[in-house]
Amino acid sequence: MEQNIWHCPICGQDFPGDQPPERCPICGAGASVFTKIGASAAQQWRCLVCGQIFEGAEPPVPCPVCGAGRQAFEPQPQEEEPPRQDTDRRFVLIGGGAAGLECAKAIRRRDKTASITLICGEKQAPYNRPALSDALADGLSLAALLLQEPQWYEEQAIRLLTGVCCTEILREQKQIRLDNGETLPYDKLLLAAGSQPFLPLKPQEGAVPLYALRSYEDCLRLTQAAQGANKAVILGGGILGVEAALALREQGLRVTIAERGPHILIAQADENAAALTAAWLNRRGISIRCGVTGEALLPEGLRLNDGSVLEADFVLAAAGVRPQVALAQACGLATDRGVLTDETMVTSDPDIYAAGDCAQFQDRPGGLWSEAAAQGQVAGAQMAGDSQAVYTRPVPAAALEENGLSLFSCGLTRGARLQTLTYEDAFSGVYKRLFLEDGKIVGGILFGDTSQAGQLLNWVASRRQAPASILES
């Protein structure tokens, strides 16, 4: 009987047997990293909204990262193995989000022997941050949010430091200092420290508390606050604010969204799609106030700039984020709103790279999971010596999928020079709109029927000539 041959991707050795070794006799890698030589690779699925890749016979629905439905997935072709050069170099990655984790994966694919240290300021290993609203609604455990099982880091020989922060970058010595007193040398360094929530108000003694939902610890605090509350106000009507409102409503709270713009979902929807979404939210018991800002926290709730008061037991700020640039500025790297990079994600120091929310490519910082993941992949490839990898900003996309609510948008959906092509069926509640520039599709919105989401995203990415009808496939 012919035995299987198991390949260890860490040290490159092959071993015969019915099952892979529990531990590689050469490098100590765990059984889960072995691949069977000659076995067909597992089917991979890419979510077009967040860019995350999943393995399985079918795509996960909804997407565990961004909540997109089945229509947002496409089969991912198997990638060729990248150029490999095993070294004793030291890679240090600051930040445990999508950018930091994808950077670590990209390095390890190209360099099986280098030292990789991944530093997470939070106590948790890298987890699915966009799913925090789901955790708030459904009480998901941290284990359900983790992007990799704890043993994966050991198997990949990645040193994972949690609950520690970098306090200083010593560029001349090529070292960093941590708040636990440790000093780490590096050959290549990644800054992927992310962003911090923007709080438009300051907490006041005796007033209702002000929360954010940016970390797992935030989620735990909000969950506890919701258990003893009846009413909540959310400052910000973007997609994160709407998802948080739905999560708190799921907990039984009466929720009001206060949005400074003329309608909710300014970045994701036009006035019509926003109105349809608002009507759906209203029917679920979520109130919406637009054209207002929070002025002060009071013992009984939130005072708005028009003088009215929204009663609340607490206020949740969902008004955007600000890139973390203090470390970069302190060591003299070039910054604007974020840490400046080029298409290789290198900063003004050739040995320091930046990716994710803290990085600024061209005219603006990132902010989307898909951008952070793509930037981390490019940064890791470049750091490991793969000069072919360059960053191209993905088409921004957003999905909002709830029972009875389906919204998808991508590309440009605002602009005075844009033309539009619209289809609307008031009876079925379906609304579709293409946004055109010089006759080519640059953005689109789907409400009620998002079955064309993947097609629409491909149209926008290729700047397809506008069809005669929005229903044309």
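Quick look at the structure, then. (Residues numbered from 1 in each chain as written. Predicted model: local features only at pLDDT ≥ 70, side-chain atom pairs only at ≥ 80, totals over all residues. Heavy atoms only, no water.)

## Describing the side chain of R214
Mapped onto the fold, R214 is located in the loop between strand 15 (210–212) and helix 5 (216–227). Within the structure, R214 has its side chain in polar contact with the side chain of S195 (distance 2.7 Å). A distance of 2.6 Å separates polar atoms of two side chains, one belonging to R214 and the other to D357. Once you skip the residues sitting within four places of it in the chain, R214 turns out to touch Y127, R129, L132, S195, P197, V321 and D357. (Helix = DSSP H or I, 4+ residues; strand = E, 2+ residues; numbered from the N terminus. Polar contact = N/O pair within 3.5 Å; in protein donor to acceptor, adjacent residues only side chain to side chain. Contact = heavy atoms within 4.5 Å.)

## Some remarks on the packing of helix 1 (residues 98–110) against helix 9 (residues 369–383)
Contact geometry of helix 1 with helix 9 gives a least axis separation of 7 Å together with a crossing angle of 35°. At the point where helix 1 passes helix 9, the crossing takes the right-handed sense. Contacts from A98, A99, E102, C103, A106, I107 and R110 in helix 1 reach W369, A372, A373, G376, Q377, A379, G380, A381 and M383 in helix 9. Tallied by class, the residues present in the contact of helix 1 with helix 9 amount to 11 nonpolar, three polar and two charged. (Axes fitted to C-alpha atoms, helices over the stretch in contact; angles between N-to-C directions. Left-handed = near helix turned anticlockwise from the far one by under 90°. Nonpolar A, V, L, I, M, F, W, Y, C, P; charged D, E, K, R; others polar.)

## Thoughts on the pairing of strand 30 (residues 419–425)
Bridge analysis of strand 30 against strand 31 (residues 430–437) gives seven bridges, and the strand direction is antiparallel. Note that in strand 31 the partner of E424 across the bridge is Y431. The hairpin turn running from strand 30 into strand 31, its antiparallel successor, is four residues long, and G429 in that turn takes a positive phi close to 80°. (Pairing = 2+ DSSP bridges.)

## Considering unusual backbone geometry
In this chain, V61 is followed by P62 through a cis amide linkage whose omega measures -5°. With respect to the helices, strands and loops of the structure, P62 is situated in the loop between strand 5 (53–55) and strand 6 (73–76). The backbone of D438 sits at a positive phi, close to 55°, despite the residue not being glycine. With respect to the helices and strands, the residue D438 is situated in the loop between strand 31 and strand 32 (440–447). We classify D438 as exposed; its relative accessible area is 62%. (Buried < 20%, exposed > 50% of the residue type's maximum accessible area, 1.4 Å probe, protein only.)

## Some remarks on helix 9
If you check helix 9, its first and last C-alpha atoms are 21 Å apart, about what 15 residues at 1.5 Å a residue would give, namely 21 Å. Counting buried residues along helix 9, 14 of its 15 residues qualify, which places the element largely inside the surrounding structure. Two residues or fewer past helix 9, G385 is found with a positive phi of approximately 100°. (Expected span 1.5 Å × (residues − 1).)

## A look at the sheet that holds strand 27 (residues 364–365)
On the basis of which strands lie adjacent, the open sheet formed by three strands has the order 24-26-27 and mixed pairing. A strand with exactly one partner marks an edge of an open sheet, and here the two such strands are strand 24 (339–341) and strand 27. Examined bridge by bridge, strand 24 and strand 26 (residues 359–361) share three bridges and lie parallel to one another. Looking at the pairing, L340 lines up with Q360 of strand 26.

## Side note on the packing of aromatic side chains
Applying the stated criterion to the full structure yields five aromatic pairs. Plain terms: the ring middles of Y211 and F314 are 5.6 Å apart, the flat faces sit at 85° to each other, and that makes the pair edge-to-face. Of this pair, Y211 sits in strand 15 while F314 sits in strand 22 (residues 314–317), and the two are 103 residues apart along the sequence. The exposure class of F314 is buried, given its relative accessible area of 1%. Between the aromatic rings of F361 and Y391, the centroid separation amounts to 5.2 Å while the plane-to-plane angle is 80°, which identifies the pairing as edge-to-face. Taken together, the positions of F361 in strand 26 and Y391 in the loop between helix 9 and strand 28 (397–402) put the pair 30 residues apart, joining distant regions of the chain. Taking the ring centre of W152 as reference, the NZ or CZ of K105 above it sits at 5.9 Å. Over the face of the ring belonging to F198 we find R322, whose NZ or CZ atom lies 4.1 Å from the ring centre. (Phe/Tyr/Trp six-rings, centres within 6.5 Å; stacked < 30°, edge-to-face > 60°. Lys NZ or Arg CZ within 6 Å of the ring centre and 35° of its normal.)

## Focus: the nonpolar core
By size, the foremost hydrophobic cluster in this structure holds 81 residues, and its most contacted members are I169, I176 and F408. Of the residues forming this core, the biggest block, eight residues, is contributed by helix 9. For I176, the residues in contact, after removing those within four places along its chain, are V92, I94, I119, C166, E168, I169, E182, T183, L184, Y186 and L189. Judged by nonpolar contacts, the second largest core, of 47 residues, contains A131, V242, I264 and F314. (Core = buried A, V, L, I, M, F, W, Y, C linked by side-chain atoms within 4.5 Å.)

## Brief notes about the sheet that holds strand 17 (residues 254–259)
In a beta sheet, neighbouring strands pair by backbone hydrogen bonds and run either parallel or antiparallel. Pairing is parallel across the open sheet formed by five strands, whose spatial order is 15-22-16-17-18. The open sheet is flanked by strand 15 and strand 18 (286–290), the only strands paired with a single partner. The sheet shows a mean angle of 25° between the axes of neighbouring strands, taken without regard to direction. In terms of strand pairing, strand 16 (residues 231–235) meets strand 22 through four bridges, oriented parallel. Across the sheet, the residue bridging to L235 is A317, located in strand 22. Contacting strand 15 and strand 22, helix 5 crosses the sheet at an angle of about 135° to strand 15.

## A short note on the environment of Q382
Residue position: Q382 is located in helix 9. Spatially, the C-alpha atom of Q382 lies 8.1 Å from that of M345, the residues being 37 residues apart in sequence. Not counting residues within four places of it along the chain, the set of residues in contact with Q382 comprises T344, Y353, S387, Q388 and A389. Only 3.3 Å separates the side chain of Q382 from the backbone oxygen of S387, close enough to count as a polar contact.

## Concerning the pattern of salt bridges
Opposite charge on two side chains makes pairing possible when the charged atoms of those side chains draw close. Inspection of the entire model under this criterion finds 24 salt bridges. Between E295 and R303 there is a salt bridge whose closest N-O contact spans 3.1 Å. One network of salt bridges, with partners in common, ties together D363, R364, E371 and R393. (Salt bridge = Lys/Arg side-chain N within 4 Å of Asp/Glu carboxyl O.)

## Some details on the pairing of strand 17
On any regular strand, side chains alternate: one points to one face of the sheet, the next to the other face. Of all six residues making up strand 17, five are buried, and the element is well covered by its neighbours. When strand 16 meets strand 17, the two strands line up parallel, connected through five bridges. Residue V233 lies in a different strand from strand 17, and its bridge partner there is T256. At this point the chain moves from strand 16, through helix 6 (residues 239–250), to the parallel strand 17, and the crossover so formed is right-handed. Note that strand 17 and strand 18 share five bridges and pair parallel. Pairing of I257 across the sheet is with I288, part of strand 18. Since strand 17 and strand 18 lie parallel, the crossover through helix 7 (residues 271–283) that links them has a hand, and here it is right-handed. (Right-handed = clockwise from strand over helix to strand, strands pointing away.)

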